[in-house]
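# Coordinates in review
Here's the letter readout for the chains.
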Amino acid sequence: MALRKWSVRIVAALAAGAALVSVAGCGGSNNSSDQKNTKASTDQMIKVDNTEPQSPLVPSNTNEMGGGRVIRYLFEGLVSYDAKGKQHMEVAKSITPNADASQYTIKLNDGWKFTNGEPVTASSFADAWSYDANVKNAQKQSSRMSIIKGYDELQDPGVAADAKLSGLEVKDPLTLVVNLNKPDSVFPIQVAHQSFFPLPSAAYKDMKAFGKSPIGNGPYKFKSWQPNTDIQVVKNTDYKGSRKVANGGIDFRVYTSEDAAYSDLQSGNLDVMVEVPQSALKTFRNDSSVKAFVQPGSSYQGFVIPENLPHFAPGKEGNLRRQAISMSINRKEIVSKIYYNTKTPATDFTSPLVPEHSTKLENSGNLKYNPKKAKELWKQADAISKFSGTFKIAYNADANHKAWVEAVSNSLKNTLGIDASGDAYPTFSDIRNQVTNRSIKTAFRSGWMLDYPTAEDYLTPLYASSSADGKGSNDGDYKNPAFDKALAQALAQTDVSKRTADFRSAQDILLEDLPAIPLWNEDVAAAASTKVSNVHFDYTNLPTYNTITK
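Since the model is a prediction, treat every value here as computed from it, not as a measurement.

## Focus: empty space enclosed by the protein
Scanning the model with the defined rule gives three cavities of 30 Å³ or more in all. Counted as a void, the second largest cavity has a volume near 70 Å³. Considering the residues around the second largest cavity, the lining is formed by S143, R144, S146, I147, Q190, F196, Y452, E456, T460, P461 and S467. Looking at the lining of the second largest cavity element by element, the count peaks at three residues for helix α13 (residues 456–463). Class assignment for the residues of the lining of the second largest cavity results in four nonpolar, five polar and two charged.

Shown next, in the form of structure tokens:
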């Protein structure tokens, strides 16, 4: 409940009617009361679970958590949010909008440096954002820059490799003016995303090599990367931000089995596990060998049905089938029987931790278990074009997905009378490569971890047309001009209540089209070793690794 309150305050502070105000520094440590700077706590490295990153550690080219968890501690952006949801000005001293939120003037704090000694300046941000936006660089987070003027010109295949975003003006080393394509009242929140992190000039000499040994400006600095084994980062003693470090470093250990990770946690060979395996959900709260953590979470879980999948293309047949599939799933029963109520059934495309979330949207009935109507809708779709074959849901076998995929598949079999099954890929990287290359020919599981506290972070990256075709995380390539228009209208609103209403109108379009089938929001169901203290979880469902002591 407290997390929802702070989300409202953040959005309200950034856009209250016409009186948009400058966001200015608040400073301080996010968990100052927990910092116990004993020699033991500041020198020891903590061991945490992770998956092998899909790509080198470049912020603009990483859209999965194996790499994302590491990147967020190697780099620091303009702003950050702590475990309590308080916004901290980091490299930014102030972010000031014009009257209609179509232009922002960003003033930077002096004295920030990358770990190679290079100063962090306005150009460090402008060059990184332009590199991300330029189609020649094929960055997975490119669409995040679509809000900045000049992005469309950089999508021309014939554009120069060094072409820049015309909407960025470096006034001096500590001043950056950002001109947007259209008003965007949540821009000061969006810049917390990793795609807006700065890069040193050394990165552009060989970006792939840079990603294998990144140079950042965050609370930790890169030490080593042993593929499929671990990534180690150590404390950055020159870090100037609010995320104070209470340990010597982080060892991100790669696991392909969550059961193996949990076993290591129980024996003391692992310090923190982000998500306990399904096999331990019933017992981990009472397991004396670990510390259990359960709290409301923001992560989304569902599955994408690609727009080019036969029988599911945009139009009447596709919509009928998507709605029928969604209504065939008893989310409440799966959450109870398989996950012991450590998840919350979805009622929309966001989560209860953002203020725009709703349980009563016009088309929210499409997410409710209704087998009778599901059969009727499937029959109507068959009258248009008879379905044949198997409906498959692809998933990565190195995480907690098999049980729910099998449960959903059985629901589809029993309700719709079709052949349905899971399609297991060995690792997360295996399935992501297929999705990224658009070579996957089935539905596939999807998850999303909140990057910053607003509904926009669920909607733009996952469903906007600008995020399709490999330019963002719209992996099903959903494109609906009506949704894009509704989303743009919401972002242009500087009045919080009107913006919330517009976000909900946009969601109603998604609930009709169902480009993905929302299943549930994943609550924090994590565990830590009894040897560690000061473990906290933020709005992204992740531990604040920097606060952990041992």
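## Examining the pattern of salt bridges
One pass over the full model with this rule turns up 19 salt bridges. Among the salt bridges present, the one from E307 reaches R322, with a minimum N-O distance of 3.3 Å. Placement of E307 in the loop between β13 (290–304) and α8 (316–327) and of R322 in helix α8 is noted, with a sequence separation of 15 residues between them. For K479, the salt bridge is made with D469, and the minimal N-O distance between the two is 2.7 Å. Within this pair, whereas K479 is found in the loop between α13 and α14 (481–492), its partner D469 is found in the loop between α13 and α14, the two being separated by 10 residues in sequence. You can call K479 partly exposed: its relative accessible area is 41%. Relative accessible area serves as the criterion here: at 48%, D469 is assigned to the partly exposed category. Among the charged side chains, a salt-bridge network with shared partners connects E317, R321, D382 and K386.

## Section: the pairing of strand β8 (residues 175–179)
Burial analysis of β8 places five of its five residues in the buried class, the great majority of the element. Where strand β6 (residues 103–108) lies against β8, five bridges are found, and the strand directions are antiparallel. In the sheet register, Y104 faces β8, and the bridge partner there is V178. Pairing of strand β7 (residues 168–172) with β8, which is carried by four bridges, proceeds in the antiparallel orientation. Looking at the pairing, L168 lines up with V178 of β8. Between β7 and β8, which pair antiparallel and follow one another directly, the connecting turn spans two residues.

## So, the packing of aromatic side chains
Considering all chains together, one arrives at 21 aromatic pairs under this definition. Taking the centre distance of 5.3 Å and the plane angle of 55 degrees together, the rings of F293 and F537 count as tilted. Taken together, the residues span a long stretch of sequence, with F293 in strand β13 and F537 in the segment after β18 (516–529) at a distance of 244 residues. You'll find F293 and F537 in the same group, each marked buried. Here the aromatic residues F303, F312, Y339, W378, F387, F391, W404 and W520 are joined through ring pairs into a cluster of three or more.

## A few points about helix α3 (residues 65–74)
Note: α-helices contain 3.6 residues per turn, so residues at a spacing of three or four share the same orientation. Most of α3 is tucked away, with nine of its 10 residues classed as buried. Buried residues of α3: G66, G67, G68, R69, V70, I71, R72, Y73 and L74, and no others. The residue sitting at the N-terminus of α3 and contributing the capping side-chain oxygen is E64; that oxygen lies 2.7 Å from the backbone nitrogen of G66.

## Quick notes on unusual backbone geometry
Despite not being glycine, A138 shows a phi value in the positive range, around 45 degrees. In this structure, A138 sits in the loop between α4 (122–133) and β7.

## Considering the packing of α8 against helix α10 (residues 371–384)
Two elements in contact, α8 and α10, have axes separated by 8 Å at closest approach and are oriented at 155 degrees. Relative to α10, the element α8 is oriented roughly antiparallel. α10 is crossed by α8, and the crossing has left-handed handedness. Mapping the contact onto sequence places K316, E317, L320, R321, Q323, A324, I325 and M327 in α8 and P371, K373, A374, L377, W378, Q380, A381, D382 and I384 in α10.

## Brief notes about the layout of surface pockets
Space left empty within the atom packing is revealed by a probe, the size of a water molecule, rolled over the atoms. Taken as a whole, the largest pocket spans an internal volume of roughly 340 Å³. Lining the largest pocket are 16 residues, and of these S146, I147, K182, A464 and S466 sit closest to its centre. Looking at the lining of the largest pocket, the element that brings in the most residues is α14, giving four residues. Looking at the lining of the largest pocket residue by residue, the class counts come to seven nonpolar, five polar and four charged.

## Notes on the nonpolar core
I106, W129, F303, F391 and W404 are the most contacted members of the largest nonpolar core, which has 156 residues in total. The element that contributes the greatest number of residues to this core is β18, accounting for nine residues. Residues contacting I106, with those up to four places away along its chain left out, are L78, A92, S94, I95, W129, L174, T175, L176, V178 and F187.

## Describing α8
With 12 residues, α8 extends 16 Å from end C-alpha to end C-alpha; this agrees with the ideal 16 Å at 1.5 Å per step. With respect to burial, α8 is a largely interior element, 11 of its 12 residues being buried.

## Describing the pairing of β6
The two faces of β6 differ: Y104, I106 and L108 on one face are buried, but Q103, T105 and K107 on the other face are not. Of the pairings in the sheet, the one linking strand β5 (residues 92–97) to β6 comprises five bridges and is antiparallel in character. For I95, the partnering residue across the bridge sits in β6 and is I106. Between β5 and β6, which pair antiparallel in sequence order, lie five residues; one of them, A101, sits at a positive phi of approximately 65 degrees.

Quick notes on the rules
- Residues numbered from 1 in each chain as written.
- Predicted model: local features only at pLDDT ≥ 70, side-chain atom pairs only at ≥ 80, totals over all residues.
- Heavy atoms only, no water.
- 1 Å grid on protein atoms, 1.4 Å probe; cavity = no way out; pocket = protein on both sides within 12 Å on 5 of 7 lines; lining within 4 Å.
- Points joined across faces, edges and corners; volume = space filled by probe spheres on them.
- Helix = DSSP H or I, 4+ residues; strand = E, 2+ residues; numbered from the N terminus.
- Nonpolar A, V, L, I, M, F, W, Y, C, P; charged D, E, K, R; others polar.
- Salt bridge = Lys/Arg side-chain N within 4 Å of Asp/Glu carboxyl O.
- Buried < 20%, exposed > 50% of the residue type's maximum accessible area, 1.4 Å probe, protein only.
- Pairing = 2+ DSSP bridges.
- Phe/Tyr/Trp six-rings, centres within 6.5 Å; stacked < 30°, edge-to-face > 60°.
- Polar contact = N/O pair within 3.5 Å; in protein donor to acceptor, adjacent residues only side chain to side chain.
- Axes fitted to C-alpha atoms, helices over the stretch in contact; angles between N-to-C directions.
- Parallel < 35°, antiparallel > 145°, perpendicular 65-115°, else oblique.
- Left-handed = near helix turned anticlockwise from the far one by under 90°.
- Contact = heavy atoms within 4.5 Å.
- Core = buried A, V, L, I, M, F, W, Y, C linked by side-chain atoms within 4.5 Å.
- Expected span 1.5 Å × (residues − 1).

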